[in-house]
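Structural overview for review
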Amino acid sequence: MKTQDLLNYARGEWIAGTGDRPQLVSAIDGAPVATTGSGGIDFGAMLDHARTVGGPALRAMTFHERAHMVKGLGLAILAAKEELYALNYLTGATRKDGWIDIEGGAGTMLSISSKARRELPDAHVLLDGAVEPLSKSGSFIGQHIYTSLQGAAVMINAFNFPVWGMLEKLAPALVAGVPAIVKPASSTAYLTEAAVRVMIDSGLLPDGALQLIVGGVGDLFDHLTGQDMVSFTGSAATARKLRSHPSIARESVRFVAEQDSLNSAILGPDAAPGTPEFDLFVAEVVNEITVKAGQKCTAIRRAIIPAAYLDAAQDAIAGALEAKTVGDPRDKASGMGALVSCAQRDDVRAQIAKLVASGARVVSGDPAAATGPEGGAFMPPVLLRADDPWAATAIHDIEAFGPVATIMPYDDIADAVALANRGMGSLALSMFTHDPQAARDFVVGAAAYHGRMLVINRDNARESTGHGSPLPVLVHGGPGRAGGSEELGGTRAVKHYMQRTAIQSTPAMIAAISEQYVPDAPKHFVDTHPFRKRMRDLNIGDTLKTASRTVTIADIEHFAEFTGDNFYAHMDEEAAKASPIFEGRVAHGYLILSFAAGLFVDPDPGPVLANTGLENLRFLTPLYPDDAMRVELTVRSKSLKSDDEGVVKWAVEIFNQKDELVATYDLLTQNEA
Ligand code: NDP
């Protein structure tokens, strides 16, 4: 393979770094793959380009436009996946390992995009929570909003997931409207560079939305401001160094870190050898040691086992590990590939030596063994055992970032909780149990020290996504040693790149600022029924005022008989009068909703296709027999799901004859665009 000169992508151009250009080599056989470097790059100008060109272009787009762009980028990565798989092997990873990185990365883009289109408005501003009333007459209210940060998101990534590691951060930043400067770990930067090329070549990104540094970051940190953000994945030592950069403290730069984590798996006290949970535990520990040759931030490092089952678990795990073939990742027969580099393998061997010095012993796999092709970074999976896990402190403190885990015994649930928490904060934990009480006691005791926890058993194992997979819709990150940050978690991730601001003003101003109708904002009463209009012709604040109808006692009795809802408040005058809430019989809430629909619905097919749900329903004033009700139906917000279809959120307000609010809710309809 021809050695490639990796290029930086700065200010809209591919630029070679000058000066020293370290050589990157294949993990399989040590052959040169690429040279890299970022000498001569003007990092301050890159930040400036992101802030003055990329940011404004992204902020001019709505959440939905940006989410569509992110989907397009994910699809472009998928379309180019074979090109990326070819490079993936050179990092030591098998096709299965690469699937997590490449297709998992693209899938994360698609998932974040889809969530954003479903959950965020087709607007530039995101509301946070409900209106806070701040005055008697309602002319002065408060509303929290999120807007895009106006700096750059600097993303410093680890070597182990050159594609996913970039995309899981890039997707939420772009949806939030914040441009990114990506700096991959040098050893696998050729794969990241190829993925960045695919995205740039797609033509979907506005200029300045994505830049790449293949090499050191020079004086980049000196130029950071409080509108920028740093998102880091790697070692705790580097995180500490970067976090303590003077600019980070001086400018209050947001700093997100995913770093070393001594994740654990717990075998439940009920999960004796022979139970499905025992077998599931063994399979998952083996899987986590060998996938990506154990170079995963979420990998199980500590397997915590009831003392009585420790020998059986050791035999089962060691047996399965010894049956794995370690070898060339391009070979389908290889159950485990290489580590990323010989230096990384040497580091893992050195860490194993520290675990042994602390009181653990190797019970399977020879750390010094030379396996796989000549010149490659191969080693067999290694299982250690610590019979006194409280004395062998290194097993809770030192992460051997390779195919390595330690088994250890526990006495009871309290001991298991304490051992798991001794990791001082972890990204992920799995418990294998079929006992709900054990699960409860364990999770309540250990959740504060963990970012994500799985309780796995015979009922969910088949569909489980596994211990080691961060999911785009769930939080990734952990407290303490794991970095103390959160990534992903659905649209939560988008908010990390935005500023929350409390706005205090009139409802009219809040509606104008947020591009959404809020209660008491001006309405625009329309004559044409809004159900007759396509989404593009509906304006925020367009309101249909319906006729009024009287609700009689006969209506209430008919509804009770028809539905079977004979609750005392509707059917027993004496009991209703005696209640602390009602002055007599009242109309059913569901009757009010049904009559409301009868008042505002326009019956003909399209452009409104279906009612897809109600949100935030509140009954505020009882409706008594012979009271009248009418509805005001207002376009609150619009979200396009595709070029043809979208969701309209309608504010529904039901009034009685005294213009008192009887009920309010948001109605969601699926509409033709
Ligand atoms: P590092 O912390 O060395 O590197 C992580 C990233 O930071 C890389 O992109 C690296 O770039 C960059 N970096 C290093 N120093 C600086 C600096 N002074 N300024 C700016 N950027 C810098 O981690 P590695 O990826 O090399 O992995 C080392 C160890 O980290 C592993 O052995 C493992 O223990 C741990 N790790 C933990 C992970 C987790 O999430 N739990 C994930 C990955 C690693 P460059 O490569 O160019 O030096």
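Residues numbered from 1 in each chain as written. Predicted model: local features only at pLDDT ≥ 70, side-chain atom pairs only at ≥ 80, totals over all residues.

Going by what an unreviewed UniProt entry lists, the chain is known as Phenylacetic acid degradation bifunctional protein PaaZ and is assigned to Flavisphingopyxis soli.

Remarks on the overall build of the chain
Within the chain, the regular secondary structure consists of 20 helices and 29 strands. Across its three principal directions, the C-alpha atoms of the chain cover 90 × 60 × 45 Å. For the chain, the residues scored as buried account for 49% of the 673 residues in total. A separation threshold of at least 6 residues defines the contact pool for the chain, and within that pool the share at least 24 residues apart is 74%. (Helix = DSSP H or I, 4+ residues; strand = E, 2+ residues; numbered from the N terminus. Buried ≥ 20, exposed ≤ 12 C-beta atoms within 10 Å, placed from the backbone. Contact = placed C-beta atoms within 7 Å.)

Details of the site of the ligand
Taken together, 24 residues surround the ligand, and among them Ala-158, Gly-234, Ser-235, Thr-238 and Cys-297 come closest. Among the elements that make up the shell around the ligand, the one with the highest residue count is helix α7 (residues 236–243) (three residues). Here the residues of the shell around the ligand sort into nine nonpolar, nine polar and six charged. (Near = placed C-beta within 6 Å. Nonpolar A, V, L, I, M, F, W, Y, C, P; charged D, E, K, R; others polar.)

As for the sheet that holds strand β18 (residues 426–432)
Spatially, seven strands are ordered β15-β16-β17-β14-β13-β18-β19 in an open sheet, and the strand pairing comes out mixed. Either end of the sheet is taken by a strand with one partner, and the two such strands are β15 (361–364) and β19 (450–456). When the angles between neighbouring strand axes are averaged without regard to direction, this sheet yields 25°. Of the strand pairs in this sheet, β18 and β19 are connected by six bridges, and their pairing is parallel. Each bridged residue has a counterpart across the sheet, and for Leu-429 the counterpart in β19 is Met-453. (Pairing = 2+ DSSP bridges. Axes fitted to C-alpha atoms, helices over the stretch in contact; angles between N-to-C directions.)

Quick word on the UniProt feature "domain: MaoC-like" (unreviewed entry) in the chain
On the UniProt side, "domain: MaoC-like" (unreviewed entry) is annotated at positions that read residues 540–642 here. Helix makes up 32% of residues 540–642 and strand 30%. Its end C-alpha atoms lie 19 Å apart. (UniProt positions renumbered as here; feature names shortened; annotations may be inferred.)

A few points about helix α4 (residues 95–119)
The α-helix advances 3.6 residues per turn, and as a result positions three or four apart in sequence lie on the same side. Over its 25 residues, α4 extends 34 Å from the first C-alpha to the last, a length consistent with the 36 Å expected when each residue adds 1.5 Å. Of all the bends found along α4, the most pronounced is centred on Gly-104 and spans about 35°. (Expected span 1.5 Å × (residues − 1). Bend = angle between axes of the 7 residues up to and from the residue.)

Some remarks on the packing of helix α3 (residues 81–90) against α4
Two elements in contact, α3 and α4, have axes separated by 10 Å at closest approach and are oriented at 130°. For the element pair α3 / α4, the angle class is oblique. Considering the relative orientation of α3 and α4, their crossing is right-handed. Two secondary-structure elements touch here, α3 through Lys-81, Leu-84, Tyr-85 and Asn-88 and α4 through Arg-95, Gly-98, Asp-101, Ile-102 and Glu-103. Across the contact of α3 with α4, the residue classes tally to three nonpolar, two polar and four charged. (Parallel < 35°, antiparallel > 145°, perpendicular 65-115°, else oblique. Left-handed = near helix turned anticlockwise from the far one by under 90°.)

Brief notes about the sheet that holds strand β1 (residues 4–5)
What the three strands build is an open sheet, ordered β1-β5-β4; its pairing is mixed. Here the strands that pair on one side only, and so sit at the sheet edges, are β1 and β4 (23–25). Where β1 meets strand β5 (residues 32–35), two bridges bridge the pair, whose relative direction is parallel. Residue pairing for β5: Asp-5 is matched across the bridge by Thr-35.

Points about the domain arrangement of the chain
Buried accessible area, meaning the area lost when the parts come together, often serves as the stated size of an interface. Domain annotation for the chain reports domain 1 (4–127 + 151–257), domain 2 (263–482) and domain 3 (523–672). Look at where the C-alpha atoms of domain 1 and domain 3 centre, and you get two points 48 Å apart. Every contact between the two is made by five residues of domain 1 and, on the other side, five residues of domain 3. Taken together, the residues of the side of domain 1 that touches domain 3 sort by class into two nonpolar, one polar and two charged. (Domains from an automatic or database assignment.)

Re the packing of α4 against helix α5 (residues 164–176)
As a packed pair, α4 and α5 sit with axes 8 Å apart at the nearest point and diverge in direction by 15°. With respect to α5, the element α4 is oriented roughly parallel. Crossing handedness for the pair α4 and α5: right-handed. From α4, Ile-100, Asp-101, Gly-104, Gly-105, Ala-106, Thr-108, Met-109, Ile-112, Ser-113 and Ala-116 reach across to α5, where they touch Trp-164, Leu-167, Glu-168, Ala-171, Pro-172 and Val-175.

As for helix α9 (residues 276–290)
Helix length check: α9 (15 residues) gives 21 Å between terminal C-alpha atoms against 21 Å at 1.5 Å per residue, within 8%. In terms of burial, α9 is largely enclosed, as eleven of its 15 residues are buried. Listed in full, the buried residues belonging to α9 are Glu-277, Phe-278, Leu-280, Phe-281, Val-282, Glu-284, Val-285, Val-286, Glu-288, Ile-289 and Thr-290. Here the buried face of α9 lies against β13 (263–267), β14 (300–306), α10 (310–322), β17 (404–410), β18 and β19. Lys-292 sits one or two residues past α9 and shows a positive phi near 55°.

A word on the environment of Arg-51
Along the polypeptide, Arg-51 turns up in helix α1 (residues 43–59). Residue Arg-51 is classed as buried on the basis of its C-beta count, with 20 C-beta atoms lying within 10 Å. As a C-alpha pair, Arg-51 and Ala-153 span 102 residues in sequence and 9.9 Å in three-dimensional space.

A few points about unusual backbone geometry
The omega angle of the peptide bond from Gly-606 to Pro-607 is -15°, so this bond is cis rather than trans. With respect to the helices and strands, Pro-607 occurs in the loop between α20 (589–600) and β26 (608–619). Its identity is not glycine, yet Lys-292 carries a phi of approximately 55°, on the positive side. Turning to its location among the elements, Lys-292 is positioned in the loop between α9 and β14. A tally of 27 C-beta atoms within 10 Å means that Lys-292 is categorised as buried. A positive phi angle is found at Asn-616, which is not glycine, with a value near 55°. We classify Asn-616 as exposed; it has 10 C-beta atoms within 10 Å.

Details of the nonpolar core
Membership of the largest hydrophobic core comes to 152 residues, with the highest contact counts inside it found for Val-175, Ala-195 and Val-285. Taken together, domain 1 (4–127 + 151–257) and domain 2 (263–482) each give at least three residues to this core, which thus spans both. Excluding residues within four positions of it along the chain, Ala-195 makes contact with Ile-77, Leu-84, Val-163 and Met-166. Ile-141, Val-586, Val-648 and Ala-663 belong to the second-largest nonpolar core, a separate cluster that totals 33 residues. (Core = buried A, V, L, I, M, F, W, Y, C linked by C-beta atoms within 7 Å.)

Brief notes about the pairing of β13
Buried residues dominate β13, accounting for five of its five residues. Of the two faces of β13, the one holding Asn-263, Ala-265 and Leu-267 and the one holding Ser-264 and Ile-266 are both buried throughout. Of the pairings in the sheet, the one linking β13 to β14 comprises four bridges and is parallel in character. Paired with Ser-264 across the bridge in β14 is Arg-302.

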